[in-house]
Amino acid sequence: MIKKAIFPVAGLGTRFLPASKSIPKEMVTVVDRPAIEYVVKEAVAAGIEQIILVTHSSKASIENYFDRNFELETILENKKKFDLLTEITEILPKHVSVVSVRQPQPLGLGHAVLCAKAVIGDEPFAVLLPDVLVKNNDQESDLALMIDHYNQTQASQIMVEAVPDHLVDQYGIVDVAQSPSEGESVVMRGIVEKPVIGTAPSNLSVVGRYILPAKIMQLLEETPRGAGNEIQLTDAIATLQKSEKVEAYRMKGQTFDCGSKIGYLKAVLHYGIQHPQLGGQFKQLIKELNL
Ligand code: G1P
């Protein structure tokens with residue numbers, strides 16, 4: 001069972017400046033809630049019970065958001081604003097806990113995951129990169145399907161989607177004999193971080209959702225610095241894949257890269273038009289723009 005998920009949130013979000021100068025990029029609002037809430041809820045809906053934030057001193061507002069705010073609760077209660085009270089107290093169900101560990105130096109995604117080693121212990125776990133929102137319209141999310149695949153095969157799962165060939169150098173790219181259909185997993189032959197255009201083994205890019213065994217922590221400890229002079233999770237997965245089965249899971253849903261400004265705007269549009277209260281008016285506003 002996959003019950004723990006690591007959220008690397010220590011990055012300073014330089015792609016999102018100036019917004020991320022004094023608030024974490026994960027706290028930037030998508031419609032009416034911070035971006036990270038969507039990703040945490042995606043994990044909880046897939047059965048995750050412990051959220052492990054790998055964080056930085058400048059990111060305390062993320063921890064505060066998932067904690068109780070007793071003063072605010074008391075004020076809302078006294079003013080009988082019960083809807084708002086429910087809204088802020090039910091961000092996470094009671095059975096879900098949030099813990100945080102610090103990443104003391106910006107040494108890369110692999111290093112961030114390794115910072116959570118003691119909290120993970122010997123269980124398999126999920127990693128969710130909060131820059132990327134994954135939107136599923138079906139009942140069962142891609143993350144839940146990926147966990148099902150793990151439960152059936154015990155093979156690590158790496159979520160991928162196809163990207164245009166000229167963008168492969170921005171992602172981890174997997175090597176597979178045949179591209180899986182959407183919603184399916186296939187055994188990977190390899191994985192490479194940000195390959196030079198023209199040298200990529202496929203156009204299937206790593207989205208930022210992983211199911212990994214505890215063993216990856218030992219491999220990360222031995223992983224030298226790679227692309228960008230950082231300790232890459234991709235490189236540890238490449239080593240893991242030499243000794244056990246690792247599968248690429250091809251997603252069905254849609255991704256929004258909220259670490260980039262245009263990806264963020266796209267997310268606001270898509271989540272905005274589907275918002276239960278605001279969606280109708282928001283669509284009307286877009287129509288009125290008459291673009
Ligand atoms: C990270 C991973 C990369 C993955 C990407 C997804 O890169 O290292 O393999 O494709 O996230 O967003 P970053 O975007 O942190 O450079």
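Our subject is the structure listed above.
Residues numbered from 1 in each chain as written. Predicted model: local features only at pLDDT ≥ 70, side-chain atom pairs only at ≥ 80, totals over all residues. Heavy atoms only, no water.

1. A short note on the packing of aromatic side chains
The tally for this structure, following the rule as stated, stands at 4 aromatic pairs. When the ring of Phe16 is compared with that of Tyr264, the centres are 5.3 Å apart and the planes differ by 80 degrees; the resulting orientation is edge-to-face. Of the two residues, Phe16 is situated in the loop between strand E1 (4–8) and strand E2 (29–30) and Tyr264 in helix H10 (residues 261–273); the sequence distance between them amounts to 248 residues. The exposure class assigned to Tyr264 is buried, which follows from its relative accessible area of 18%. These aromatic residues form a ring-pair network of at least three members: Tyr38, Phe256 and Tyr271. Here Lys135 stacks its cationic end above the ring of Tyr271, 5.4 Å away from the centre of that ring. (Phe/Tyr/Trp six-rings, centres within 6.5 Å; stacked < 30°, edge-to-face > 60°. Helix = DSSP H or I, 4+ residues; strand = E, 2+ residues; numbered from the N terminus. Buried < 20%, exposed > 50% of the residue type's maximum accessible area, 1.4 Å probe, protein only. Lys NZ or Arg CZ within 6 Å of the ring centre and 35° of its normal.)

2. Points about the side chain of Asp131
With respect to the secondary-structure elements, Asp131 resides in the loop between strand E6 (125–128) and strand E7 (132–135). Take Asp131: its relative accessible area is 18%, and that puts it in the buried class. Among the polar contacts made by the side chain of Asp131, one reaches the side chain of Lys25 at a distance of 3.1 Å. With sequence-adjacent residues up to four places away left out, Asp131 is seen in contact with Arg15, Lys25, Phe256, Asp257, Cys258 and Gly259. (Polar contact = N/O pair within 3.5 Å; in protein donor to acceptor, adjacent residues only side chain to side chain. Contact = heavy atoms within 4.5 Å.)

3. So, the site of the ligand
Every residue lining the ligand is accounted for by Leu109, Leu129, Val132, Tyr171, Gly172, Glu193, Lys194, Val206, Val207, Gln232 and Thr234. Within the side chain of Glu193, one N or O atom sits 2.7 Å away from an oxygen atom of the ligand. Val206 places a polar main-chain atom, nitrogen or oxygen, 2.7 Å from an oxygen atom of the ligand. Coverage of the ligand by the protein chains reaches 74% of its 380 Å² of free accessible surface. Of the residues that constitute the shell around the ligand, the class distribution is 6 nonpolar, 3 polar and 2 charged. (Near = heavy atom within 4 Å. Areas by Shrake-Rupley, 256 points an atom, 1.4 Å probe, with all protein chains shown as cover. Nonpolar A, V, L, I, M, F, W, Y, C, P; charged D, E, K, R; others polar.)

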